[in-house]
Amino acid sequence: MEIDNLKKQVLEDVDPVLKKKKKRRQRRNRILITLQFLAVIAIIAGVFYFFIGISTVDGNSMYPTLHDHNIVLYTRHNKEYKSGDIVALNRPNGEVYVKRIIAVSGDTVNVQRGKVYVNGQEIVTEQAVGVTEAKSDMIKYPLTVGDKEVFVLGDNREISRDSREFGTVKVKAIKGTIRWYMGEF
């Protein structure tokens with residue numbers, strides 16, 4: 001059996017007709033492998049474009065949950081967001097923030113005496129550190145979250161730039177819900 005294969009290989013290298021067939025077969029295989037590779041890349045790119053996004057955490061506003069330079073994956077096209085979700089959101093200046101949703105449409109938020117209250121109940125976020133104080137005279141409390149809006153805070157309350165500074169966030173500005181994160185590269 002081995003001798004037959006060896007004879008076939010020698011003939012393919014010597015006989016011009018068989019040599020041409022071998023080259024065509026090799027070229028066809030290379031094209032097929034290239035097309036398969038490109039198809040896999042297109043599928044992966046499509047999944048990331050339509051369903052999953054990647055972002056990085058810039059700063060320590062979500063410490064201790066997330067750290068500066070953590071890489072986060074988020075799912076796009078969520079129908080509903082709820083309190084406690086960590087989301088990636090676009091800011092008008094082009095920056096992407098990663099924050100925790102504290103209140104959703106119709107909720108009333110109040111920040112007083114170092115604490116945050118939603119609908120009259122104190123919100124205790126286990127991961128939150130620091131004192132929650134109002135940051136801007138432009139945001140008046142109690143504040144009712146508008147339709148298709150959310151109120152977001154960073155877990156590191158004393159250094160976070162969040163809804164206490166820039167107000168509620170439109171749901172359409174949310175890129176997606178954080179599902180997975182890892183340390184920096």
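Refer to the preceding data block for the structure.
Residues numbered from 1 in each chain as written. Predicted model: local features only at pLDDT ≥ 70, side-chain atom pairs only at ≥ 80, totals over all residues. Heavy atoms only, no water.

### Remarks on the pattern of salt bridges
Line of reasoning, step 1. Counting across every chain of the model gives five salt bridges.
Line of reasoning, step 2. Between aspartate 85 and lysine 82 there is a salt bridge, and its shortest N-O distance comes to 3.1 Å.
Line of reasoning, step 3. Residue aspartate 85 is classed as buried on the basis of its relative accessible area, which comes to 10%. (Salt bridge = Lys/Arg side-chain N within 4 Å of Asp/Glu carboxyl O. Buried < 20%, exposed > 50% of the residue type's maximum accessible area, 1.4 Å probe, protein only.)

### Topic: the packing of aromatic side chains
What characterises a pair of aromatic rings is the spacing of the ring centres plus the angle enclosed by the ring planes.
Line of reasoning, step 1. Tallied over the full model, the rule gives two aromatic pairs.
Line of reasoning, step 2. Summarising the aromatic geometry, the rings of tyrosine 49 and phenylalanine 50 are spaced 4.9 Å apart at their centres and angled 90 degrees between planes, so their arrangement reads as edge-to-face.
Line of reasoning, step 3. Residue classification places phenylalanine 50 among the partly exposed positions, given a relative accessible area of 46%.
Line of reasoning, step 4. A ring pair is formed by tyrosine 97 and phenylalanine 166, whose centres lie 5.9 Å apart and whose planes are at 50 degrees; its orientation type is tilted. Of the two residues, tyrosine 97 sits in strand S4 (residues 96–104) while phenylalanine 166 sits in helix H3 (residues 163–166), which places them 69 residues apart along the sequence.
Line of reasoning, step 5. For tyrosine 97, a relative accessible area of 11% corresponds to the buried category.
Line of reasoning, step 6. For lysine 99, the ring lying beneath its charged end belongs to tyrosine 97, and the centroid distance is 5.2 Å. (Phe/Tyr/Trp six-rings, centres within 6.5 Å; stacked < 30°, edge-to-face > 60°. Helix = DSSP H or I, 4+ residues; strand = E, 2+ residues; numbered from the N terminus. Lys NZ or Arg CZ within 6 Å of the ring centre and 35° of its normal.)

### Topic: the layout of surface pockets
Line of reasoning, step 1. If you add up the space inside the largest pocket, you get close to 210 Å³.
Line of reasoning, step 2. What lines the largest pocket is a set of 14 residues, and nearest its centre among them are Asp58, Ser61, Val96, Tyr97 and Lys99.
Line of reasoning, step 3. Examining the composition of the lining of the largest pocket, we find that four residues originate from one element, S4, more than from any other. (1 Å grid on protein atoms, 1.4 Å probe; cavity = no way out; pocket = protein on both sides within 12 Å on 5 of 7 lines; lining within 4 Å. Points joined across faces, edges and corners; volume = space filled by probe spheres on them.)

### A closer look at the pairing of strand S5 (residues 108–112)
Line of reasoning, step 1. Judged from the two bridges that link them, S5 and strand S8 (residues 143–144) form a sheet pairing that is antiparallel. Bridged to valine 109 within S8 is leucine 143.
Line of reasoning, step 2. Taking the residues between adjacent antiparallel strands as the criterion, S5 and strand S6 (residues 115–118) are bridged by two residues, where arginine 113 takes a positive phi near 50 degrees. (Pairing = 2+ DSSP bridges.)

### As for the nonpolar core
Line of reasoning, step 1. Of all hydrophobic cores here, the largest spans twelve residues; its members are Ile102, Ala103, Val109, Val111, Val116, Val118, Ile139, Tyr141, Leu143, Val145, Phe151 and Leu153.
Line of reasoning, step 2. Residues in contact with valine 118, not counting those within four places in the same chain, are Ile102, Ala103, Asp107, Thr108, Val109 and Ile123.
Line of reasoning, step 3. One finds Tyr81, Val152, Val169 and Ala173 within the second-largest nonpolar core, a separate group that totals ten residues. (Core = buried A, V, L, I, M, F, W, Y, C linked by side-chain atoms within 4.5 Å. Contact = heavy atoms within 4.5 Å.)

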